[in-house]
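# Architecture at a glance
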Amino acid sequence: MCKVLNNKGESPFFLAVMSGSEQAVDKIISIEEPRFNMLRRHDGTTVLHRLSSCTEKTGRMVLEKYWWIMNLRDEQGKTALDYAKQENTKWLVNLLTNPSLIKKQDFDWPEACEREESEAVLAFVETCPDLKRVCQNHIINDTLVHRVTLPTYNDYVKFLKIPAIAELNNSTNIWDKTPLHCALEKEDMNFAKALLCDNEVDRFIRDWEGKTAMDMLANLCKKNADWERMCKDIKVNPYLRTTYILPGTNLEQMRTTLSVIAALLATITFAAGFTLPGGINSDSGQALLGKKAAFIVFLLADAYAMCTSMLVLFCLVWSMVSAHGMARLLVDRSVFILMQSLYATLLVFVTGIYVVIEHTTLWAAIVIIVMCSIIAIMANRTILHKVIAMEMRVHLQQKKITAIEESITAIKESKSTLESREDVILLIGSDYSDALVGVGIIQALLND
């Protein structure tokens, strides 16, 4: 019966507040928590608009529980404060004017999101003074943006423009999922579309499974043509991937670094094009070594290096005025193009040296070619990572050996038993065979 509404949209709870019946208000709240439609009737008037009919005790109790609807307006645009002033209810005016005096009870926003009470959620967002802190205290670190469900696309767009909500657009929960991840999981196309159209939303944050929102979007597009049409409408390509930009990368800092390197390469290669190896004929103005194959390779490599470095600069310029997703792609592709320019610049150096000294000091030219070839091979990211990983393993192994030697020395000096043995096992690490060797050494020493 508590949920039944009359033709005006008034619930028993609303009527109890309007009549000032303290017992009825207490009884209804004790039976069941009133839902949002029980707090507001069809003309927009809420229970807080009618608190002037209640005693101060009952009014405080209702206000402490439903403080989050104090800013809602009725059809005439009036708030609860306007009604309190009109009725000249001083205690209510004082409380509504100074919300810090209200002992606010927690609003169960996860439950409101679960019930899809969008108006209640929006009222809470507009009234809550510290939304970010309230959401971060949730047990799984979810926020309103992770859970909210609104009727239309335009509602989502307005919701995301609220300053307090904009701060949470890229927040992650305990599973490292962003609101965009959650919208795609629920297959809420309107919400996903609104987030994808927001330039501040990061589409490439990875969740605990290593998936980005774009990975999930690509899977949805493969299964459902409606999602693919939506992506085409908003000009989002879910199949594009970034290779070099990781989650959390500072795009501005990366852009600055790349632009400095690209500008330097463009300057070097431009100068090399007019400082030809072997010089030029003073009479004809033509290059003296112009017919040699190595010289032609030099010119082509120099032109390629300069063009690619200039292309990097163009990409970086356009990335500064592009949407967030496109800016990430432009910067990511700039890294690849810049690598091409670096390789070409290395080839310019090798061919320039070779064409000049091949007849006089061939061995030196060969040494230079070998050195530069090794650098070019080592510059490959996969190979470089493997080499660094090997060096780290050797370093860690050396630390383990040193730790074992120190523990053996400690045992010889102190004749300690179990404690030192456990320390050695911990120092050796998780490798089972190494641990057995270490324990065997310790046991042998202890038996001496």
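Residues numbered from 1 in each chain as written. Predicted model: local features only at pLDDT ≥ 70, side-chain atom pairs only at ≥ 80, totals over all residues. Heavy atoms only, no water.

### Examining the overall build of the chain
A tally of helices and strands in the chain yields 22 helices and zero strands. For the chain, buried positions account for 40% of its 448 residues. Carbon together with sulfur atoms contributes 58% to the accessible area of the chain, which is approximately 25500 Å² in total. (Helix = DSSP H or I, 4+ residues; strand = E, 2+ residues; numbered from the N terminus. Buried < 20%, exposed > 50% of the residue type's maximum accessible area, 1.4 Å probe, protein only. Areas by Shrake-Rupley, 256 points an atom, 1.4 Å probe, with all protein chains shown as cover.)

### Structural notes on the packing of helix 10 (residues 153-161) against helix 13 (residues 189-196)
Interaxial distance between helix 10 and helix 13 falls to 8 Å at its minimum, and their mutual angle equals 45 degrees. Considered as vectors, helix 10 and helix 13 are oriented oblique to each other. Between helix 10 and helix 13 the crossing geometry is right-handed. In this structure, helix 10 uses Tyr153, Tyr156, Val157 and Leu160 to contact helix 13, whose residues at the interface are Asn190, Phe191, Lys193, Ala194 and Leu195. Here the residues of the contact of helix 10 with helix 13 sort into seven nonpolar, one polar and one charged. (Axes fitted to C-alpha atoms, helices over the stretch in contact; angles between N-to-C directions. Parallel < 35°, antiparallel > 145°, perpendicular 65-115°, else oblique. Left-handed = near helix turned anticlockwise from the far one by under 90°. Contact = heavy atoms within 4.5 Å. Nonpolar A, V, L, I, M, F, W, Y, C, P; charged D, E, K, R; others polar.)

### Here we look at the pattern of salt bridges
For the structure shown, the criterion picks out 11 salt bridges. Note that Glu185 and Lys177 form a salt bridge whose closest N and O atoms lie 2.8 Å from each other. For Glu185, a relative accessible area of 45% translates into the label partly exposed. Residue classification places Lys177 among the buried positions, given a relative accessible area of 9%. Lys292 is the salt-bridge partner of Glu358, the closest N and O atoms lying 3.2 Å from each other. (Salt bridge = Lys/Arg side-chain N within 4 Å of Asp/Glu carboxyl O.)

### Describing unusual backbone geometry
For Asp176, which is not glycine, the phi torsion reads 65 degrees and is therefore positive. Position of Asp176 relative to the elements: it lies in the loop between helix 11 (163-166) and helix 12 (179-185). The phi angle at Glu187 is positive, at roughly 55 degrees, despite the residue not being glycine. Assignment of secondary structure puts Glu187 in the loop between helix 12 and helix 13.

### Things to note about a nonpolar patch on the surface
Judged by side-chain polarity, Met310, Leu311, Phe314, Val317, Trp318, Met320 and Val321 come together as a nonpolar surface patch covering roughly 730 Å² of accessible area. Residue position: Met320 is located in the loop between helix 17 (293-319) and helix 18 (324-357). Classification of Met320 as exposed rests on a relative accessible area of 52%. (Patch = residues over 30% accessible without salt bridge, like charges linked within 9 Å, V, L, I, M, F, W, Y side chains within 5 Å.)

### Here's the deal with the nonpolar core
Counting residues in hydrophobic clusters, the biggest one holds 71 residues, and the most contacted among them are Trp68, Ile69 and Leu217. The contact partners of Ile69, leaving out residues within four places of it in the chain, are Phe36, Leu39, Thr46, Val47, Leu48 and Ala123. In this structure, Leu265, Val312, Cys315 and Val331 belong to the second largest nonpolar core, which totals 13 residues. (Core = buried A, V, L, I, M, F, W, Y, C linked by side-chain atoms within 4.5 Å.)

### Here's the deal with the packing of aromatic side chains
On inspection of all chains with the given rule, the structure shows eight aromatic pairs. Between Trp68 and Phe107, the aromatic rings sit 4.3 Å apart at their centres with planes inclined by 45 degrees, giving tilted as the arrangement. Taken together, the residues Trp68 in the loop between helix 3 (56-65) and helix 4 (80-87) and Phe107 in the loop between helix 5 (90-97) and helix 6 (109-114) connect sequence positions 39 residues apart. Through a chain of ring-to-ring contacts, the aromatic side chains of Phe13, Tyr66, Trp67, Trp68, Phe107 and Phe124 assemble into a single cluster. Taking NZ or CZ as reference, Lys104 lies 5.0 Å from the ring centre of Trp67, over its face. (Phe/Tyr/Trp six-rings, centres within 6.5 Å; stacked < 30°, edge-to-face > 60°. Lys NZ or Arg CZ within 6 Å of the ring centre and 35° of its normal.)

### Details of the environment of Gly325
With respect to the secondary-structure elements, Gly325 resides in helix 18. Each C-alpha atom of the pair Gly325 and Asn199 lies 7.2 Å from the other, and the pair is 126 residues apart in sequence. The residues contacting Gly325, other than those within four sequence positions of it, are Arg203 and Phe204.

### Here's the deal with the packing of helix 16 (residues 251-273) against helix 18
One way to put it is that helix 16 packs onto helix 18 with a least axis distance of 10 Å and a crossing angle of 30 degrees. For the element pair helix 16 / helix 18, the angle class is roughly parallel. Crossing handedness for the pair helix 16 and helix 18: left-handed. Here Leu251, Met254, Arg255, Leu258, Ile261, Ala262, Leu265 and Thr269 of helix 16 lie close against helix 18, whose contacting residues are His324, Ala327, Arg328, Val331, Ser334, Val335, Leu338, Ser341, Leu342 and Thr345.

### Side note on helix 5
Side chains that are three or four residues apart share a direction in an α-helix, a result of its 3.6 residues per turn. Listing the buried residues of helix 5 in full gives Trp91, Leu92, Val93, Leu95 and Leu96. Buried positions along helix 5 lie against helix 3 and helix 4.

### With respect to the environment of Gly20
Mapped onto the elements of the fold, Gly20 is located in the loop between helix 1 (12-19) and helix 2 (22-31). Overall, the relative accessible area of 22% leaves Gly20 in the partly exposed class. For the pair formed by Gly20 and Gly59, sequence separation is 39 residues and the distance between their alpha carbons is 8.7 Å. Once residues lying within four places of it in the same chain are set aside, the contact partners of Gly20 are Ser53 and Cys54.

### Concerning the confidence of the model for the chain
Atomic detail in the predicted coordinates should be set aside for any region of low pLDDT. When pLDDT is averaged along the chain, the result is 81; 87% of the residues meet or exceed 70. Predicted confidence is poor over residues 416-420, with pLDDT under 50, and the contacts of this stretch with residues over four places away or in other chains come to four contacts. Across residues 426-437, confidence stays below pLDDT 50; counting only partners more than four residues off in sequence or on other chains, it has nine contacts. (pLDDT = per-residue confidence, 0-100.)

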